[in-house]
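Descriptive analysis of the structure
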Amino acid sequence: DVKVTQSSRYLVKRTGEKVFLECVQDMDHENMFWYRQDPGLGLRLIYFSYDVKMKEKGDIPEGYSVSREKKERFSLILESASTNQTSMYLCASSPRQGHSGNTIYFGEGSWLTVV
Amino acid sequence: AQSVTQLDSHVSVSEGTPVLLRCNYSSSYSPSLFWYVQHPNKGLQLLLKYTSAATLVKGINGFEAEFKKSETSFHLTKPSAHMSDAAEYFCVVSAWSNTGKLIFGQGTTLQVKP
């Protein structure tokens, strides 16, 4: 079975803290994604990576960075957490494709509260 | 550019009655379209996908969707709702690129009343 694992389901952090959200996939997928989900705003893409050490900005990259040192792991980093980053964060992965249509698989989500 | 619009933010049905969740898309290319479901406090699970094969697509849990190019629609249906279908549903279009980047609709919350 396909598995995308987000190690932290619920986190509470203080304003200004550095926060790491970790995601691991066991499907040997080339592509990995970080989204955030907010009520009324749906899912918004923060960053994605299509290969090890490669990354591209999504729609809302400000205040975030990412790291992909190994194919199976994609980390989202909040350099200095702020209260407007309180949200649910979803990691996803998919195989590389030559044509759009491959399925993206999601993790269970990480609920982050910044106080 | 691709976009997707879910026409209803909230749908309420009685158990055993049909479900219709509406989705319209815009795409400059032949799109790939998906429906995902999200139960409370869970990630997103793929229900079904259309990738230019048969226009009527069958998914899990009795759901199906029909791709209508002339209407630019991809509505999700189920003949008989079950209590366990209560969830949020996302219609998604795949951007035409090698990255598999997805564009999400705003979501439709399905309520199923006993």
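Quick caveat: nothing in here was measured; it's all calculated off a predicted structure. Positions within a chain are numbered from 1, following the residues in the order the chain's sequence is written. Each chain is given a letter, starting from A, and each ligand a number, starting from 1, according to the order in which they appear as written. For a predicted model such as this one, the threshold for reporting local features is a pLDDT of at least 70, and the threshold for listing and counting side-chain atom pairs is 80 or more; totals across whole chains, interfaces and linings nevertheless cover every residue. Remark: hydrogens and water are excluded; side-chain values derive from all non-hydrogen atoms of the structure.

1. Things to note about the overall build of chain B
The helix and strand inventory of chain B stands at 0 helices and 12 strands. Helix numbers and strand numbers start at the N terminus; a helix is a DSSP run of H or I with at least 4 residues, a strand a run of E with at least 2. Going from N to C terminus, chain B has its helices and strands arranged as β-β-β-β-β-β-β-β-β-β-β-β. Every radius of gyration here is taken over C-alpha atoms, with the globule rule written as 2.2 Å times N^0.38, N being the number of residues. Its C-alpha atoms give chain B a radius of gyration of 14 Å, near enough to 13 Å, the size a compact globule of 114 residues would have. If you line up chain B on its principal axes, its C-alpha atoms span 45 × 30 × 20 Å.

2. Quick notes on the side chain of Asn31(A)
Within the element layout of this structure, Asn31(A) appears in strand β5 (residues 31-38). The term polar contact refers here to a pair of N or O atoms within 3.5 Å; inside protein, the definition further demands a hydrogen-donor-capable atom paired with an acceptor-capable atom, and it admits residues adjacent in sequence only when both atoms are side-chain atoms. Separated by 3.3 Å, the side chain of Asn31(A) and the backbone oxygen of Pro95(A) make a polar contact.

3. Quick look at the confidence of the model for chain B
Within chain B, residue pLDDT values average 90, and 94% of them lie at 70 or more. Within chain B, the element-level pLDDT minimum falls on strand β11 (residues 102-104) of chain B, averaging 84, and the maximum on strand β3 (residues 19-21) of chain B, averaging 98. On a range of 0 to 100, pLDDT expresses the predictor's confidence in each residue.

4. What about the packing of aromatic side chains?
Residues and elements named next belong to chain A. Stacked, tilted and edge-to-face are the three classes applied to pairs of Phe, Tyr and Trp rings, where Trp contributes its six-membered ring and a pair requires centres within 6.5 Å; stacked means planes under 30 degrees apart, edge-to-face means over 60, and tilted covers the rest. For the coordinates displayed, the defined rule picks out 13 aromatic pairs over all chains. Here the aromatic rings of Tyr-35 and Phe-106 are separated by 5.9 Å at their centres, their planes lie at 45 degrees, and the arrangement is tilted. Taken together, the residues Tyr-35 in strand β5 and Phe-106 in strand β11 (residues 105-106) connect sequence positions 71 residues apart. As far as burial versus exposure is concerned, Tyr-35 and Phe-106 are alike and both buried. The buried label applies to any residue whose accessible area, calculated with a 1.4 Å probe on protein chains only, is under 20% of its type's maximum; exposed applies above 50%, and partly exposed to all values in between.

5. A closer look at unusual backbone geometry
Residue and element names in this part refer to chain B. If you check the backbone angles, Asn-41 has positive phi at about 60 degrees while not being a glycine. Position of Asn-41 relative to the elements: it lies in the loop between β5 (32-38) and β6 (44-50). Note on Asn-41: relative accessible area 43%, which makes it partly exposed.

6. A closer look at the state of the cysteines
When two cysteine sulfur atoms are found within 2.5 Å, that pair is recorded as a disulfide. Counted according to the given criterion, the structure contains 2 disulfides over all chains. In this model Cys23(A) forms its disulfide with Cys91(A); the gap between the sulfur atoms is 1.9 Å. Between Cys23(A) and Cys91(A), the S-S torsion sits near -80 degrees, and that sign places the bridge as left-handed. Here Cys23(A) is found in strand β4 (residues 23-25), whereas its partner Cys91(A) is found in strand β10 (residues 87-94), with 68 residues between them in sequence. A single burial state applies to Cys23(A) and to Cys91(A), both of which are buried. One disulfide in the model links Cys23(B) with Cys91(B); its S-S distance is 1.9 Å. Given an S-S torsion of about -65 degrees, the disulfide between Cys23(B) and Cys91(B) has left-handed geometry. In this pair, Cys23(B) sits in strand β4 (residues 23-26) while Cys91(B) sits in strand β10 (residues 87-94), placing the two residues 68 residues apart along the sequence. Given the relative accessible area of 0%, Cys91(B) is considered buried.

7. Quick notes on the nonpolar core
Buried Ala, Val, Leu, Ile, Met, Phe, Trp, Tyr and Cys residues that are joined via side-chain atoms within 4.5 Å together make up what is termed a nonpolar core. By size, the foremost hydrophobic cluster in this structure holds 26 residues, and its most contacted members are Trp35(B), Leu48(B), Phe74(B), Leu76(B) and Tyr89(B). For this core, the element with the highest residue contribution is β10(B), accounting for 4 residues. We call two residues in contact whenever any of their non-hydrogen atoms come within 4.5 Å of each other. In contact with Leu76(B), not counting residues within four places along its chain, are Val19(B), Leu20(B), Leu21(B), Trp35(B), Leu47(B), Leu48(B), Phe63(B), Glu64(B), Ala65(B) and Tyr89(B). In terms of nonpolar packing, the next biggest core, distinct from the first, is built from 21 residues, Leu11(A), Leu21(A), Met27(A) and Cys91(A) among them.

8. What about the pairing of strand β2 (residues 10-14) of chain B?
All names here are of chain B. Along β2, the buried face is formed by Val-11 and Val-13; none of His-10, Ser-12 and Ser-14, which line the opposite face, is buried. Two strands are said to pair when DSSP picks up at least two bridges between them. Examined bridge by bridge, β2 and strand β12 (residues 108-113) share 5 bridges and lie parallel to one another. The residue of β12 that forms the bridge with His-10 is Thr-109.

9. Brief notes about the pairing of β4(B)
Residue and element names in this part refer to chain B. Taking every second residue as pointing to the same face, the buried face of β4 carries Cys-23 and Tyr-25, while none of Asn-24 and Ser-26 on the other face is buried. Pairing of strand β1 (residues 3-6) with β4 involves 4 bridges; the strand directions are antiparallel. Residue Val-4 lies in a different strand from β4, and its bridge partner there is Tyr-25.

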